[in-house]
Amino acid sequence: VRFTLKKGDAMLDSVILGNTSEGYYNNYYALKEENKKIRIVKVEGISQSLFSYEPRSYVIDSIDKEKVERIKIVFGKNTFDIIKDNEGWKIGKRKVLESFMDTYLEGISNIVAQNFPKEDKKLENIDSSLEIATKDKIYNFEIELKEKGISYYIKNSQGLLYIIDESSKKNLIKESKFFFK
């Protein structure tokens, strides 16, 4: 797609936006000619939906980790809550290791996608979910397997769908024993 900035009949500037592949790992670029030299810049944080006039960020949600008061993790038949009180973080009556909680909160404070689905998709086989309650808001995430061992769909509170990889899912959905090692 070429974007051209004109004043009257005079062309002031021009840039071409595109992508390099149709596969799972698309690389988006901006191509600009300056003084007869072509400069190619990889465009971060914009999906192919830019070309359907709906730019989106790769950031699934941004959460202020200092405001988090409760986290509910559901995977399979397992469910547990991590709750912050005056004594720190706890699962049930057990105190969570502060260093593990700090690492976990850092990981969930800015959840970033690897890609976006190319088609509209309804989640039908949700295998895990995450609810994060802050002082101001509740964030909900539903996760469904896309390709075993490779990728997952994740839907945020606004109903927007993204794709994350296996390691990102493991960073979001932890077993309770992780917090007590």
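Our structure is the block above this text.
Residues numbered from 1 in each chain as written. Predicted model: local features only at pLDDT ≥ 70, side-chain atom pairs only at ≥ 80, totals over all residues. Heavy atoms only, no water.

Enquirer: Would you explain the nonpolar core in this entry?
Expert: The nonpolar side chains of soluble globular proteins are, as a tendency, buried together. Among the nonpolar cores identified, the biggest contains 33 residues, and I71, I82 and L130 are the most heavily contacted of them. Residue assignment for this core shows that the elements contributing at least two residues are β6 (68–75), β7 (78–85), β8 (88–91), α1 (98–109), β11 (128–134), β12 (138–147), β13 (151–155) and β14 (161–165). Excluding its chain neighbours within four sequence positions, the residues that come into contact with I82 are E69, R70, I71, I73, W89, K90, I91, V96, M101 and F179. (Core = buried A, V, L, I, M, F, W, Y, C linked by side-chain atoms within 4.5 Å. Buried < 20%, exposed > 50% of the residue type's maximum accessible area, 1.4 Å probe, protein only. Helix = DSSP H or I, 4+ residues; strand = E, 2+ residues; numbered from the N terminus. Contact = heavy atoms within 4.5 Å.)

Enquirer: Even after reading the chapter, I still don't get the pattern of salt bridges, so can you show me in this structure?
Expert: Side chains bearing opposite charge may pair, as long as their charged atoms lie close to each other. By the definition in use, this model includes twelve salt bridges. Between E142 and K155 there is a salt bridge; the shortest N-O distance is 3.3 Å. A residue pair is termed long-range when its members are at least 10 positions apart, and E142 in strand β12 and K155 in strand β13 qualify at 13 residues. K155 sits in the partly exposed class, given a relative accessible area of 28%. Linking K146 and E147 is a salt bridge whose minimum nitrogen-to-oxygen distance equals 3.4 Å. (Salt bridge = Lys/Arg side-chain N within 4 Å of Asp/Glu carboxyl O.)

Enquirer: Even after reading the chapter, I still don't get a negative patch on the surface, so can you show me in this structure?
Expert: A contiguous patch of negative charge, built from D64, E66, E98 and D102, is present on the exposed surface. Along the chain, E98 falls in helix α1. Residue E98 is classed as partly exposed on the basis of its relative accessible area, which comes to 39%. (Patch = residues over 30% accessible without salt bridge, like charges linked within 9 Å, V, L, I, M, F, W, Y side chains within 5 Å. Areas by Shrake-Rupley, 256 points an atom, 1.4 Å probe, with all protein chains shown as cover. Lys, Arg positive; Asp, Glu negative; His and termini not counted. Charge placed at Lys NZ, Arg CZ, Asp CG, Glu CD.)

Enquirer: Help me understand the pairing of β8 in this model?
Expert: Across a regular strand the side chains alternate sides, sitting on one face of the sheet and then on the other. Judged from the three bridges that link them, β7 and β8 form a sheet pairing that is antiparallel. By the bridge assignment, D85 is partnered in β8 with G88. Hairpin remark: β7 followed by β8, antiparallel, with two residues in the connecting loop. Of the strand pairs in this sheet, β8 and strand β9 (residues 94–95) are connected by two bridges, and their pairing is antiparallel. Following the sheet pairing, K90 is matched in β9 by K95. Joining the antiparallel neighbours β8 and β9 is a turn of two residues, in which G92 adopts a positive phi near 65 degrees. (Pairing = 2+ DSSP bridges.)

Enquirer: For this particular structure, what's the right way to read the sheet that holds β13?
Expert: Working definition: the strands of a sheet are paired by backbone hydrogen bonds and lie parallel or antiparallel to each other. Sheet architecture is open: eight strands sit in the order β9-β8-β7-β6-β11-β12-β13-β14, paired in antiparallel fashion. Looking along the sheet, the strands with just one partner apiece sit at the ends: β9 and β14. The pairing of β6 with β7 spans six bridges and is classified as antiparallel. Each bridged residue has a counterpart across the sheet, and for K72 the counterpart in β7 is D81. The strands touched by α1 are β6, β7, β8, β9 and β11; relative to β6, the strand with the most contacts, the crossing angle is about 80 degrees. (Axes fitted to C-alpha atoms, helices over the stretch in contact; angles between N-to-C directions.)

Enquirer: Honestly, α1 in this entry has me stumped. Any pointers?
Expert: Since there are 3.6 residues in each turn of an α-helix, residues three or four apart along the chain are aligned in direction. When the terminal C-alpha atoms of α1 are compared, their 16 Å separation across twelve residues agrees well with the 16 Å that a helix rising 1.5 Å per residue should span. Of all the positions in α1, only M101, Y104, L105, I108 and S109 are classed as buried. Buried residues along α1 cover an arc of 130 degrees about the axis, so they all sit on one side. (Expected span 1.5 Å × (residues − 1). Arc of directions from axis to C-beta.)

Enquirer: Looking at this structure, I do not really get the packing of aromatic side chains. What am I missing?
Expert: Aromatic ring pairs are reported here in terms of the distance separating the ring centres and the angle at which the planes meet. According to the stated counting rule, one finds six aromatic pairs in the structure shown. When the centroid spacing of 4.8 Å and the interplanar angle of 50 degrees are considered together, the rings of Y58 and F116 count as tilted. Of this pair, Y58 sits in the loop between β4 (37–42) and β5 (59–62) while F116 sits in the loop between β10 (110–112) and β11, and the two are 58 residues apart along the sequence. With 5.3 Å between their ring centres and 90 degrees between their planes, Y104 and F179 make a pair best called edge-to-face. You can see Y104 sitting in helix α1 and its partner F179 sitting in the segment after α2 (166–172), a full 75 residues away along the chain. Across the pair, F179 and Y104 agree in class, each one buried. Clustering of aromatic rings is evident, with ring pairs tying together F80, F100, Y104, F178 and F179. Directly above the ring of F180 sits R94, whose terminal nitrogen or CZ lies 3.8 Å from the centroid. (Phe/Tyr/Trp six-rings, centres within 6.5 Å; stacked < 30°, edge-to-face > 60°. Lys NZ or Arg CZ within 6 Å of the ring centre and 35° of its normal.)

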